[in-house]
Amino acid sequence: MPAGWRNGALAALLLGCCSRRDDPSAALPLAPARVDPLVLELPRIRYGESGRGVYRIVNEGTAPLWIAQIGPLPCDCADAELELPARPDAPGRLRVDPNGMRVELRPAEAALLHLTLETSRFREPVSRKHGAFVLRFEGYEPLRLEFGADIWNPHWVEPWLV
């Protein structure tokens, strides 16, 4: 086998492997799922307390979807749990694992993703918090879920300070 052929075959093999990522036709399809809302606006939270909100995830396809990953969440101040309310045999809420999970979402089934934002975990008061994380189904393009919250910071003023 000629040396030039081997090098050319090796280069073609490497380019074929590496260029797939840059090829738009090789992109993963979008999951047949609907998430409502994609951007969750939590109610106003008093600093030191927690706020809660819910994403609703619906499988609109005819085949089961497998939730492979939720997260990682953007900070230690956020926590998430997944609930499958239509299943009486479900173990209640599942704590999400950003390292991976495998939860089936049946056709036309809805899952609830409960998000909790703990402002007591902030090192200093902030007035606004934004965050984003990934929801990924096996074999599909990941979805970006976002949240935001206004955080009320009460200020104490003594008359002698004024």
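A.B. asks: I tried to follow the overall build of the protein on my own but got confused; where do I start?
C.D. replies: Across its full length, the protein holds one helix and 11 strands. What you see in the protein, going N to C, is helices and strands ordered as α-β-β-β-β-β-β-β-β-β-β-β. Each of the 162 residues in the protein was classed as buried or not, and the buried ones make up 31%. Split by element, the accessible area of the protein, about 10,500 Å² in all, is 54% carbon and sulfur.

A.B. asks: What am I meant to see in the side chain of Lys129 here?
C.D. replies: Structurally, Lys129 is set in strand 10 (residues 128-137). If we ignore the near neighbours within four places in the chain, the residues touching Lys129 are Cys75, Cys77, Leu117, Phe122, Phe147, Gly148, Ala149 and Ile151.

A.B. asks: Can you help me understand the nonpolar core in this one?
C.D. replies: One recurring pattern in soluble globular proteins: nonpolar side chains tend to sit buried together. If you look at the biggest cluster of nonpolar residues, it comprises 33 residues, and the most contacted ones within it are Leu82 and Leu113. Counting only elements with at least two residues in this core, the list comes to strand 1 (33-36), strand 4 (50-59), strand 5 (65-70), strand 6 (78-83), strand 8 (103-105), strand 9 (110-118), strand 10 and strand 11 (143-152). Beyond its immediate sequence surroundings of up to four residues, Leu82 is in contact with Ile57, Ile67, Ile70, Gly92, Arg93, Leu94, Val96, Met101, Val103, Ala111, Leu112 and Leu113.

A.B. asks: Hey, could you run me through the pattern of salt bridges in this one?
C.D. replies: Proximity of charged atoms lets side chains of opposite charge pair with each other. In total, this model carries nine salt bridges according to the counting rule given. Where Arg128 meets Asp150, a salt bridge forms, and the shortest distance between an N and an O atom there is 3.1 Å. Placement of Arg128 in strand 10 and of Asp150 in strand 11 is noted, with a sequence separation of 22 residues between them. Classification of Arg128 as partly exposed rests on a relative accessible area of 30%. When its relative accessible area of 33% is taken as the criterion, Asp150 is described as partly exposed.

A.B. asks: Is there a simple way to think about the packing of aromatic side chains in this case?
C.D. replies: By convention here, two paired aromatic rings are described through the distance between centres and the angle between planes. By the definition in use, this model includes one aromatic pair. Geometrically, the ring pair formed by Tyr55 and Phe133 is edge-to-face, given 5.8 Å between the ring centres and 85° between the ring planes. You can see Tyr55 sitting in strand 4 and its partner Phe133 sitting in strand 10, a full 78 residues away along the chain. The class for Tyr55 is buried, based on a relative accessible area of 0%.

A.B. asks: Is there a simple way to think about the sheet that holds strand 6 in this case?
C.D. replies: Strands in a sheet are paired, the pairing made by backbone hydrogen bonds, and the direction either parallel or antiparallel. Overall, antiparallel pairing links the five strands, which are arranged 1-4-9-6-7 in an open sheet. The strands lining the two open edges of the sheet, one partner per strand, are strand 1 and strand 7 (93-95). Recorded for the sheet is a direction-independent mean angle of 25° between the axes of neighbouring strands. Pairing analysis gives six bridges linking strand 6 to strand 9, with the strands arranged antiparallel. Of the residues in strand 9, the one forming a bridge with Ala78 is Leu117.

A.B. asks: Just to check I follow, could you spell out the state of the cysteines for this structure?
C.D. replies: Such a bond, covalent and formed between the sulfur atoms of two cysteines, is termed a disulfide. The final tally for this structure, using the stated rule, is one disulfide. A disulfide bridge connects Cys75 with Cys77, and the sulfur atoms are separated by 2.0 Å. Across the S-S bond of Cys75 and Cys77 the torsion is about -65°, and the bridge reads as left-handed. Just as Cys75 is buried, Cys77 falls in that class too.

A.B. asks: What exactly am I supposed to notice about the side chain of Gln69 here?
C.D. replies: Among the secondary structure elements, Gln69 is positioned in strand 5. Among the polar contacts listed, one links the side chain of Gln69 to the backbone oxygen of Pro98, at a separation of 3.4 Å. Sequence-distant contacts of Gln69, that is, excluding residues within four places in its chain, are made with Pro98, Met101, Val134, Leu135 and Arg136.

Rules and cut-offs
Residues numbered from 1 in each chain as written. Predicted model: local features only at pLDDT ≥ 70, side-chain atom pairs only at ≥ 80, totals over all residues. Heavy atoms only, no water. Helix = DSSP H or I, 4+ residues; strand = E, 2+ residues; numbered from the N terminus. Buried < 20%, exposed > 50% of the residue type's maximum accessible area, 1.4 Å probe, protein only. Areas by Shrake-Rupley, 256 points an atom, 1.4 Å probe, with all protein chains shown as cover. Contact = heavy atoms within 4.5 Å. Core = buried A, V, L, I, M, F, W, Y, C linked by side-chain atoms within 4.5 Å. Salt bridge = Lys/Arg side-chain N within 4 Å of Asp/Glu carboxyl O. Phe/Tyr/Trp six-rings, centres within 6.5 Å; stacked < 30°, edge-to-face > 60°. Pairing = 2+ DSSP bridges. Axes fitted to C-alpha atoms, helices over the stretch in contact; angles between N-to-C directions. Disulfide = S-S within 2.5 Å. Polar contact = N/O pair within 3.5 Å; in protein donor to acceptor, adjacent residues only side chain to side chain.

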